[in-house]
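Observations on the three-dimensional arrangement
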Amino acid sequence: MTKGISMRTNLVLAVALIGLGLSAKELPKCGSLRNWRAPAQKVVEKVRGYLWVEAEGFANYGKWRLDTQFVHKMGSTYLLAPAAGVPVEDAVTRVRIPRKGTWRVWVRTKDWEPTHSPGKFAVSVAGRESRVLGASGESGWRWEEAGNFDLEKSMAEVRLVDKSGYFARCDAIVFTTDLQYVPPEDEELLARERQRLLGLPTEIADGGSYDVVVVGAGTTGMGAAVAAARGGARTALVFDRPVLGGNASSELGVGIHGASHAHPNAREGGLIEEVKMIRAFRKLPNNSLAYAMQAEGESNLLLCPNNRVLKIEKGRNGHVDAVLAKDTLTGEWIRYRGKMFIDCTGDGWIGYFAGVPYRFGREGKDEFGEEEAPELADRRTMSGVIITDGVWSFAMKDEGRPVDYVTPEWARVLPKGFRRNLKPAVRVRGGFKPAWWIEHSGDIDDLADPEGARDELVKISFAYFGWGKNDWEHRELLRNYSLTWVPFIDGRRETMRLMGDYVLTGNDEKAGTMFPDRISYGGWPMDTHDPLGLKNPNGNGYWKVHPNLPIYSIPYRMLYNSTVDNLFFAGRCSSASHMALGSIRVESTLATLGQACGTAARLCLETGLTPRQLGEQRIGELQQRLLKEDQYIPGLRNEDEKDMARTAKVEATSTQSVIRFRESSSVSWAIGQFKIGFRHHKDAKRPGWQYAEHASPEAVVDGVSRIVGHDAHAWVSDETLSLPQALSLTWPKPVELHEVRLTFNTDLMPTAPSFMPAQLVKSYVVEALTAGKWEAVAEECENWRRLAVHRFPARSVEALRVVCRETWGSPSAQIFEVRAY
């Protein structure tokens, strides 16, 4: 990497990933983006008689919030006043008026619910308020005339004054002495006018050329980008949010779930396990910080936050040459050129721009023979849910006294007879609380009108709280509660699904299909949500759930389309039916698809093959690379001919044949909720414990690096003997080695570790026997990794020894796999 790229990466980490104003030392303190903002604008008269003021450029946002979600639809970032009926604190800036005179003020805003106009606000200029804005009675973003202001040549204070506490919004303000001037409404003309009056550059900035360009930085994009970078590819990660993690970021807070929700010892390994362990070890408050730490050590990775890709440039035969992104904070256009591209946008935008066929909505029952599908195909999708700063749907507070609540007229959207079968309790599972199923009807198009979909969720949140306060049979429990806030970011679940060489179906999942080109697995229930959302008077959030899905495999062929020979796609935009998406859409599963794409992209570059050719000619090599990096693929074993550990004799200072593990609260809940059978041996002597068998020293080279079924696939030292205990590998004649890979037990039972697993080896030393003398080649005193990779200068080795000195609490040391290269 060049020095310039390294410096830019550090800047991104410091500003975008950590949070505004926080240094690296303050990483653990960062849990919110309440202070995230665009650069403050110094308003300059670029064209005589005109001043263009960007709302996001205000010096002080007050309690207005920056909203960059809809740049691709309405052309800009804007300020939003999210609240629950109490006006927020003013946003304030200062504008230098270049000459005395009458200035007409125009404001670009949106009456987001024209029948009632809830989002009212005013602009105050030099102490005088405009007429009420955001109440045009017309739909869509438009310019509203705020009035004429007689102003002195001076520095004038400008304020956004919220009048309602109901999601007022402002994009830009134009001051002009031309009283005949009307700002353009047309999207293209508006962009030109913004460029003219702000003096923005007309050329597209060069963002550089890369081996791999990944677009989108959710769990999928992070898996793709880190995998490609670690594989040696010069990689750019272009994403439109200020932090890493997508729906699982600190900005939202969706949990990183996967197969372990419903299956024992099924947590996904690889890069997503690394992130989970970083968070547990560092005791970090959110996933974004863990992802920042993961990315920080990658010299081949450039992070490009707040960049919304709006176009692509295509070359020969539909080949993608570059993506064109707009900086959501500055408006600058940037071109990122690449050899391979990976679409991890979730919505499938890069594939869409490239002409990849896609599906939207639900397939009918006849198309794939899925009995859970609707009778006829339709365009309904799973609704998102609004979340911000970890708050889902709404926030409420016990005021300690009775509080009245009247549902706003514009929010009375629940159907007649609406009810939910809730426990007579507040803020507990099954009781009245914010929930994932507070959703809009699936016929609202999150793709065509994402802002409208978000606004519908806002209305639904106000309505649901009002139902609880005034109509719920146990409403007395809420008599002291007030509605304090409603979030504004839509955590979308489903939009476009790009079509690959194979479409994964719900039947594939139910059958536990093991595809020959499998690159990962799933196991979350077939969880598609109610297509009516809260418009269903008697729903429970689900459409149809097939809970007893076995572990099933995910084929490589669903990650590309042969019409574009240098594009992969992964995430919820992968090639799957609507019903199949209900299972694969969860964050941990998607992360493994990203890792597979990043690894495959690097392999394509090495071999000169297209994605399809790679699958046809080198799928075994891809699978082995994924296994080497701890991505579990059911039914496949390590067959790496370069791994010298496979030819060694393995012994240990002590061993026991059983590996014990505790029940996970997440799996136990799934068992109770979905009646999933738990197939592991119970330890009668230890309540709450299960065990797997056949642990032995030799198991560390049997090719499988986790508990599968009843088989431990691990070495376990005798728990009755104190540590240290050692595992050794001996060769009949010396071998040349430069790298050792150790896979430890991080307890793959729970969905995510909240503390350091007791089974994990904490302190160890790796020793090599050379010319009859043992020498340490690696040492770790506070290990947090499941996969630990140690490289050292190449040397002739007669034997290796891993001396386990301490665990994080278990009396026995446990190692799943040892590899030597």
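Residues numbered from 1 in each chain as written. Predicted model: local features only at pLDDT ≥ 70, side-chain atom pairs only at ≥ 80, totals over all residues. Heavy atoms only, no water.

**Thoughts on the overall build of the protein**
- Along its length, the protein carries 15 helices and 38 strands.
- Residues counted as buried form 61% of the 821 residues belonging to the protein.
- Surface accessibility of the protein: about 30,800 Å² in total, with carbon and sulfur atoms responsible for 49%.
- For the protein, the separation between the mean place of its 104 positive charges and that of its 103 negative charges on side chains is 3 Å. (Helix = DSSP H or I, 4+ residues; strand = E, 2+ residues; numbered from the N terminus. Buried < 20%, exposed > 50% of the residue type's maximum accessible area, 1.4 Å probe, protein only. Areas by Shrake-Rupley, 256 points an atom, 1.4 Å probe, with all protein chains shown as cover. Lys, Arg positive; Asp, Glu negative; His and termini not counted. Charge placed at Lys NZ, Arg CZ, Asp CG, Glu CD.)

**Looking at the pattern of salt bridges**
- Scanning the model with the defined rule gives 67 salt bridges in all.
- Across the salt bridge formed by arginine 108 and aspartate 171, the nearest N and O atoms sit 2.7 Å from each other. Separated by 63 residues along the polypeptide, arginine 108 in strand E5 (residues 101-110) and aspartate 171 in strand E10 (residues 168-176) bring together distant segments of the chain. Aspartate 171 carries the same exposure label as arginine 108, and that label is buried.
- Between glutamate 456 and lysine 459 there is a salt bridge, with its nearest N and O atoms 3.3 Å apart. One end of the pair, glutamate 456, and the other, lysine 459, are both in helix H9 (residues 450-470), three residues apart, so they sit about a helical turn from each other.
- Among the residues examined, glutamate 456 registers a relative accessible area of 11% and is labelled buried. (Salt bridge = Lys/Arg side-chain N within 4 Å of Asp/Glu carboxyl O.)

**Quick notes on the environment of alanine 699**
- As for its position among the elements, alanine 699 is in the loop between strand E32 (689-692) and strand E33 (715-716).
- Take alanine 699: its relative accessible area is 6%, and that puts it in the buried class.
- Spatially, the C-alpha atom of alanine 699 lies 29 Å from that of glycine 223, the residues being 476 residues apart in sequence.
- Setting aside anything within four residues of it in sequence, one finds alanine 699 in contact with Val704, His713, Ala714 and Phe816. (Contact = heavy atoms within 4.5 Å.)

**Quick word on the nonpolar core**
- In this structure, Leu237 and Phe568 are the most contacted members of the largest nonpolar core, which totals 102 residues.
- For this core, the leading source of residues is helix H12 (residues 587-607), giving nine residues.
- For phenylalanine 568, the contacting residues outside a window of four places in its chain are Met340, Phe341, Ile342, Asp343, Tyr556, Leu559, Tyr560, Cys597, Ala600, Ala601, Cys604 and Pro611. (Core = buried A, V, L, I, M, F, W, Y, C linked by side-chain atoms within 4.5 Å.)

**Quick notes on the side chain of serine 76**
- Locating serine 76 in the fold gives a position in the loop between helix H2 (71-74) and strand E3 (78-81).
- Accessibility expressed as a relative area gives 5% for serine 76, which makes it buried.
- In terms of polar contacts, serine 76 uses its side chain to reach the side chain of aspartate 171, at 2.9 Å.
- A polar side-chain atom of serine 76 sits 3.3 Å from a polar atom in the side chain of arginine 194.
- Among residues more than four places away in sequence, those in contact with serine 76 are Glu54, Glu56, Val71, Asp171 and Arg194. (Polar contact = N/O pair within 3.5 Å; in protein donor to acceptor, adjacent residues only side chain to side chain.)

**Considerations on the sheet that holds strand E19 (residues 391-392)**
- Taking strand neighbours across the sheet as the criterion, the three strands line up as E19-E18-E22 in an open arrangement whose pairing is antiparallel. The sheet terminates laterally at E19 and strand E22 (490-491), the two strands that pair on one side only.
- In this sheet, E19 lies alongside strand E18 (residues 385-388) in antiparallel orientation, the contact comprising two bridges. Looking at the pairing, isoleucine 387 lines up with tryptophan 392 of E19. (Pairing = 2+ DSSP bridges.)

**Re the sheet that holds E32**
- Read across the sheet, three strands follow the order E30-E32-E31 without closing on themselves; strand pairing throughout is antiparallel. The two strands at the open ends of the sheet, each matched to only one other strand, are strand E30 (659-662) and strand E31 (681-682).
- Alignment of E30 against E32, held across four bridges, turns out to be antiparallel. If you follow isoleucine 659 over to E32, its bridge partner there is alanine 692.

**Side note on the pairing of strand E35 (residues 761-770)**
- Judged by how many residues are buried, E35 sits mostly within the fold: nine of 10 residues are covered.
- Here E35 pairs with strand E37 (residues 787-807) via eight bridges, running antiparallel. Each bridged residue has a counterpart across the sheet, and for valine 766 the counterpart in E37 is valine 802.
- Hairpin connection from E35 to strand E36 (residues 773-780): two residues lie between these consecutive antiparallel strands, with alanine 771 at a positive phi of about 55°.

Bear in mind that shape data such as this cannot, by itself, settle questions of function.
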